[in-house]
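One letter stands for each residue in the lines below.
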Amino acid sequence: MTMAHVGAVVATVTGVIALLLHSSVHKIEEGHLAVYYRGGALLTTPNGPGFHIMLPFITTYRSVQTTLQTDEIKNVPCGTSGGVMIYFDRIEVVNMLVPSAAVDIVRNYTADYDKTLIFNKIHHELNQFCSVHTLQEVYIELFDIIDENLKLALQKDLNAMAPGLTIQAVRVTKPKIPETIRRNFELMEAEKTKLLVSAQTQKVVEKEAETERKKAIIEAQKVAQVSEIHFQQKMMEKETEKKISEIEDAAFLAKEKARADAEYYTAEKTAQANALKLTPEYLELMKYQAIAANSKVYFGQDIPDMFVDNNAFQPRIQDEEDTVSTDLLESLGKAKKTKKAHRTDSKGG
C-alpha cells in the first residue's frame, strides 16, 4: 500500500468520524427542550439546554420552546351575520408550554402542536364570534371584548385537550372592512364626535347654570341667616327689656307695699295711741283747753249760763269726741283697705 492510499484511507476515516460527530452531537438553547425520535417513534426522555449526543442517522430530535412565545396568525377571514366579509390582519397569541407536559403534547399533536391547538382554533373561534354578530358590533361595539373571548375559548379547549399549555394573552388588530363601509363608519364617527361635542357643551352650560343657581341659593341662605341673627338679637333685646321691666315693677311693688305697710302700721299705732289717750280725763283737759283758747273773756259776777253751765258745754264736748272717734275709725278703715289691696296685688303678681 502506498502512501497515497494510506492518506486516502485516513482522510476517509476522518471524514466519516467528523460526519458521525456532526450527526450525533447537537446543542439545545436555553428555554427549549429536545424531544427525540428513534426510527420515527417518540422517546419518553427529553433533554434540556446544553450539548447532547445521539445515535447518528437513527435518532433525530426537535427543539420545543418552553418559555413564553408569541404565535402570529395573519390575514384571518371572518364573515359577519349580515354577510359582510372582513379580514383580521394579525392576531397574536402569547402562550407557554410546561416542560413536564411537552412529551405528551408532542406525542398527541406533534412538535408543531401550535398549528393544531392555536392557529386552527383561532380561525374557528373567530368565525364563530363573527357569525352571530353584525359588522357594527364586530368593528366597533364589541371589538374590545374579542381578545378576551378568544383567550377564554382557547384556554377552555386546551384545559381539556392539552393540559400544560396555557394562554397568557391574545391581541387582535382592527379588521379590514370594505372601503365604502369604512367611509360610512368614518362619517358616522365624525357625526358622533359632533354629537359628543354638543353634549359636552350642553353639560358645560348646565354646569354653569347649576353653579349660578347654587351661588344664588348660598347668597339667599346667607341673607336668611343674617336676618335670623338680627331677629334673634332683637328678641334677646326685648327679652332683656321685659326682664328689666319685671324687675322694676317688682321693685316698685315692693316699695309701694312697704309704704302701705308703713302707713298701715302708723295708722294702727296712732289709733291704738288715741284709744289709750282719749280717756275721760284727757277729754276733760281738752275741753278746758278749748275754753282757754277762746279769744273772748267775760268778766263780772253774772257770767252767762252758756259758759259755766255744764249742761251747756256737754253737747260741744260730745261733738268733739264723736268727731275724733269718727276720724280714728276712718283712718283705721283706710289703712286696712290699703293693706288688703296690696296683699291682693302681691298674690296676683
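Just so it is clear, the model here is predicted, and its values are computed rather than measured.

1. Overview of the overall build of the chain
Next up, step 1: In terms of helices and strands, the chain carries 9 helices and 8 strands.
Next up, step 2: By residue count, 23% of the 349 residues in the chain fall in the buried class.
Next up, step 3: A sequence separation of at least 24 residues applies to 69% of the contacts in the chain between residues at least 6 apart.
Next up, step 4: Accessible area of the chain: about 24,300 Å², with a carbon and sulfur share of 59%.

2. Some words on the pairing of strand E6 (residues 69–79)
Each regular strand shows side chains that alternate between the opposite faces of the sheet.
Next up, step 1: Of the strand pairs in this sheet, E6 and strand E7 (residues 85–97) are connected by 10 bridges, and their pairing is antiparallel. Looking at E7, one finds that Glu 72 is bridged to Glu 92.
Next up, step 2: Hairpin connection from E6 to E7: 5 residues lie between these consecutive antiparallel strands, with Gly 83 at a positive phi of about 95 degrees.

3. So, the sheet that holds strand E3 (residues 41–42)
Next up, step 1: Here 3 strands make up an open sheet; going across it, the order is E3-E2-E5 and the pairing antiparallel. In the strand order of this sheet, the two ends are held by E3 and strand E5 (59–65), each with one partner.
Next up, step 2: Alignment of strand E2 (residues 32–38) against E5, held across 7 bridges, turns out to be antiparallel. In the sheet register, Tyr 36 faces E5, and the bridge partner there is Tyr 61.

4. Structural notes on unusual backbone geometry
Next up, step 1: Backbone geometry places Phe 57, a non-glycine residue, at a positive phi of 65 degrees.
Next up, step 2: The phi torsion at Asn 75 lies on the positive side, around 50 degrees, for a residue other than glycine.
Next up, step 3: With respect to the helices and strands, the residue Asn 75 is situated in strand E6.
Next up, step 4: Looking at Asn 75, the relative accessible area reads 47%, which means it is partly exposed.

5. Looking at the sheet that holds E6
The pairing of strands in a sheet happens through backbone hydrogen bonds and is either parallel or antiparallel.
Next up, step 1: The 3 strands are arranged E6-E7-E8 in an open sheet whose pairing can be described as antiparallel. What marks the edges here is a single partner per strand, and that holds for E6 and strand E8 (165–172). Here the strands of the sheet are splayed against their neighbours by 30 degrees on average, with no regard to which way each runs.
Next up, step 2: The sheet strands contacting helix H3 (residues 113–131) are E6, E7 and E8, and the helix crosses E6 at an angle near 35 degrees.

6. Focus on helix H2 (residues 102–109)
Next up, step 1: Here H2 has its buried residues at Ala 102, Val 103, Ile 105, Val 106 and Tyr 109. In an axial view of H2, the angular spread of the buried residues amounts to 165 degrees, which keeps them on one side of the axis.
Next up, step 2: Positioned one or two residues after H2, Thr 110 has a phi angle of 70 degrees, which is positive.

7. Focus: the state of the cysteines
Next up, step 1: If you walk through the whole model with that rule in mind, you get 1 disulfide.
Next up, step 2: Two residues, Cys 78 and Cys 130, share a disulfide whose sulfurs are 1.7 Å apart. Within this pair, whereas Cys 78 is found in strand E6, its partner Cys 130 is found in helix H3, the two being separated by 52 residues in sequence. Each member of the pair, Cys 78 together with Cys 130, is buried.

8. Some thoughts on the packing of aromatic side chains
Any pair of aromatic rings gets described here by the distance separating the centres and the angle formed by the planes.
Next up, step 1: Under the criterion given, the structure shown has 1 aromatic pair.
Next up, step 2: Residues Tyr 36 and Tyr 61 carry aromatic rings whose centres are separated by 6.4 Å and whose planes lie at 45 degrees to one another, so their mutual orientation is tilted. Taken together, the positions of Tyr 36 in strand E2 and Tyr 61 in strand E5 put the pair 25 residues apart, joining distant regions of the chain.
Next up, step 3: Note that Lys 174 overlies the ring of Tyr 139, its terminal NZ or CZ placed 4.8 Å from the centroid.
Next up, step 4: The residue whose ring lies beneath Lys 174 is Phe 143, and the NZ or CZ to ring-centre distance is 4.2 Å.

Criteria and thresholds
- Residue indices follow the written sequence of each chain, beginning from 1 at its first position.
- Residue-level local features of this predicted model are given only where pLDDT is at least 70; pairs of side-chain atoms are given and counted only at 80 or more, and the full residue set underlies all totals for whole chains, interfaces and linings.
- Excluded from the side-chain calculation are hydrogens and water; included are all heavy atoms of the structure.
- Per the convention used, a helix needs a DSSP run of H or I reaching at least four residues, while a strand needs a run of E reaching at least two, with both numbered from the N terminus.
- Only protein chains enter the accessibility calculation, which uses a 1.4 Å probe; a residue is then buried when its area is under 20% of its type maximum, exposed when over 50%, and partly exposed in between.
- Contacts were defined at the residue level, with two residues in contact if any of their heavy atoms lie within 4.5 Å.
- Using the Shrake-Rupley algorithm and a 1.4 Å probe, accessible areas are obtained, with residue cover drawn only from the displayed protein chains.
- When DSSP finds two or more bridges between two strands, those strands count as paired.
- Inter-axis angles, ranging from 0 to 180 degrees, are taken between N-to-C directions of lines fitted to C-alpha atoms, where helices are fitted over the stretch in contact.
- Throughout, the arc means that of the directions going from the helix axis to the C-beta atoms.
- Here, the term disulfide refers to a pair of cysteine sulfur atoms separated by no more than 2.5 Å.
- Centre distance within 6.5 Å is the pairing criterion for rings of Phe, Tyr and Trp, where only the six-membered ring of Trp is used; planes under 30 degrees apart are then read as stacked, over 60 as edge-to-face, and the remainder as tilted.
- Whether a charge lies above a ring is judged from NZ of Lys or CZ of Arg, which has to be within 6 Å of the ring centre and within 35 degrees of the ring normal.

Any link to function would need more than the numbers given here.
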